[in-house]
Amino acid sequence: MQGSARRRPFPAAAPGSPSPAGTLFPGRHGAGKGEDTSKTSPFHLDLWFYFTLQNWVLDFGRPIAMIILPLEWFPLNKPSAGDYFHMAYNVITPFLLLKLIERSPKTLPRSMVYVSIIMFVMGASIHLVGDSVNHRLIFSGYQHHLSVRENPIIKNLKPETLIDSFELLYYYDEYLGHSMWYIPFFLILFIYFTGCFTPVAEESRMPVAALLLLGPSSLYYWYLVTEGQIFILYIFTFFAMMALVMHQKRKGLVLDSNGLFLFSSFIITLLLIAGWVAWLWNDKILRKKYPGVIYIPEPWAFYTLHMNNLLPAKESF
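All values reported here derive from a predicted model rather than from experimental measurement. (Residues numbered from 1 in each chain as written. Predicted model: local features only at pLDDT ≥ 70, side-chain atom pairs only at ≥ 80, totals over all residues. Heavy atoms only, no water.)

**Remarks on unusual backbone geometry**
The omega torsion of the bond from Lys158 to Pro159 falls at -5°, within 30 degrees of zero and hence cis. Inspection of the secondary structure puts Pro159 in the loop between α4 (152-155) and α5 (161-193). Phi angles above zero are rare outside glycine, and Gln229 is one such case at about 55°. Here Gln229 lies in the loop between α6 (208-228) and α7 (231-250). (Helix = DSSP H or I, 4+ residues; strand = E, 2+ residues; numbered from the N terminus.)

And the structure:
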């Protein structure tokens, strides 16, 4: 009959099935599976390897590239090679963080993830500008182990209000940029960490590839914490991870290989920081640069104080 023909309705989605749109974070408004720990993820060798590689090359390697490459290629009034490294880092890292969240076996709050990614990009971009100028000042005699006003090349600036401008640049680089960069970075890592638990004890072990990446990953986090002066943020994140591990253990859940890799990296990082502080504990100049209860010198301050002076001596031989 002509009037009886009706469209057949789509079958109802089974409970717990992914959304048909195939979104990055299924579930309405980011809510969803709650304590869905029945699923586990294999070790993300590709993502953790890309993270480690791009962190060492694009973040740790950018000031090194700026120093070793000839100034004729990148004049002081133009972006340096390190700046282009930083630009690539600002694009690649948010993408890798999103892919990491996507592979979580647990549905995570997408709104918080998106806002964190946006803040991360803003903070890293602010840091790009301030860090670019500060590192280029090294070629003019700027010394990172001294404060802005104590630097010889800054003291004699006229008018003196220019010194305030350099202090503002330092604030954007070392405080505002670092806060907007690192807080969302560690927040995303912790959000991902909350989904790294499994009831299967046999899955709480790292493969050989994870053990090989553990050293470089931990050493980079040491650099991140010391150079970024974010020990408070790091230690609170570490304590939150430890509390979550103990809480989930009472439920009979243990870390999977990815969570164990991330947690072990943070533990080794803490040991490296302790060794770094113990080594430079009696350095009077760095003590003056970093007063207060928490004394964690920056690697670049150590470089300009102790290592930079060795370069002219080597060239004289």
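**Quick look at the UniProt feature "transmembrane region" (unreviewed entry) in the protein**
The feature "transmembrane region" (unreviewed entry), as given by UniProt, occupies residues 47-69, 84-101, 113-130, 181-201, 208-224, 230-247 and 259-281 in the numbering adopted here. Within the segment residues 113-130, helix and strand shares are 100% and 0% respectively, and the terminal C-alpha atoms sit 26 Å apart. Split by type, residues 259-281 is 91% helix and 0% strand. Its first and last C-alpha atoms lie 33 Å apart. (UniProt positions renumbered as here; feature names shortened; annotations may be inferred.)

**Examining the packing of aromatic side chains**
As enumerated under the stated definition, the model contains 33 aromatic pairs in all. Ring centres of Phe185 and Phe186 lie 5.6 Å apart, and the angle between their planes is 90°; on these two criteria the pair is classed as edge-to-face. Each member of the pair, Phe185 together with Phe186, is buried. Aromatic side chains Trp300 and Tyr303 sit 4.9 Å apart centroid to centroid with 75° between the ring planes, which places their arrangement in the edge-to-face category. Within this pair, Trp300 and its partner Tyr303 are both found in helix α10 (residues 299-307), separated by three residues, close to a single helical turn. By the burial criterion, Trp300 is buried, and Tyr303 matches it. Just above the ring of Tyr290 sits the side chain of Lys289; from NZ or CZ to the centre is 6.0 Å. (Phe/Tyr/Trp six-rings, centres within 6.5 Å; stacked < 30°, edge-to-face > 60°. Buried < 20%, exposed > 50% of the residue type's maximum accessible area, 1.4 Å probe, protein only. Lys NZ or Arg CZ within 6 Å of the ring centre and 35° of its normal.)

**Here we look at the nonpolar core**
Side chains that are nonpolar tend, in soluble globular proteins, to be buried together. Trp48 and Phe266 are the most contacted members of the largest nonpolar core, which has 61 residues in total. Non-local contacts of Trp48, meaning those with residues more than four positions away in its chain, are made with Phe43, Leu100, Tyr192, Leu213, Asn258, Phe261 and Leu262. Listed in part, the seven residues of the second largest apolar core include Leu137, Val148, Ile154 and Tyr170. (Core = buried A, V, L, I, M, F, W, Y, C linked by side-chain atoms within 4.5 Å. Contact = heavy atoms within 4.5 Å.)

**Points about α7**
Taking 1.5 Å of rise per residue, the 20 residues of α7 would be expected to cover 28 Å, and the 29 Å separating its terminal C-alpha atoms lies within 8% of that figure. Residues Tyr234, Ile235, Thr237, Phe238, Met241, Leu244 and Gln248 constitute the buried set of α7. On its buried face, α7 is in contact with α5, β1 (197-198), α6 and α8 (257-279). Positioned one or two residues after α7, Gly252 has a phi angle of 85°, which is positive. (Expected span 1.5 Å × (residues − 1).)

**Comments concerning the environment of Pro105**
Tracing the chain through its elements places Pro105 in the loop between α2 (81-102) and α3 (110-136). Spatially, the C-alpha atoms of Pro105 and Tyr192 are 9.4 Å apart, while their sequence positions differ by 87 residues.

**As for the pattern of salt bridges**
Per the stated rule, a full pass over the model turns up seven salt bridges. Measuring nitrogen to oxygen at the nearest pair gives 2.7 Å for the salt bridge that ties Asp46 to Arg103. Placement of Asp46 in helix α1 (residues 45-68) and of Arg103 in the loop between α2 and α3 is noted, with a sequence separation of 57 residues between them. On the basis of relative accessible area, Asp46 is assigned to the partly exposed category, the value being 30%. For Lys288, the salt bridge identified is with Glu150, shortest N-O distance 4.0 Å. Placement of the pair is Lys288 in helix α9 (residues 284-289) and Glu150 in the loop between α3 and α4, with a sequence separation of 138 residues. The network of salt bridges with shared partners includes Asp59, Arg62 and Asp131. (Salt bridge = Lys/Arg side-chain N within 4 Å of Asp/Glu carboxyl O.)

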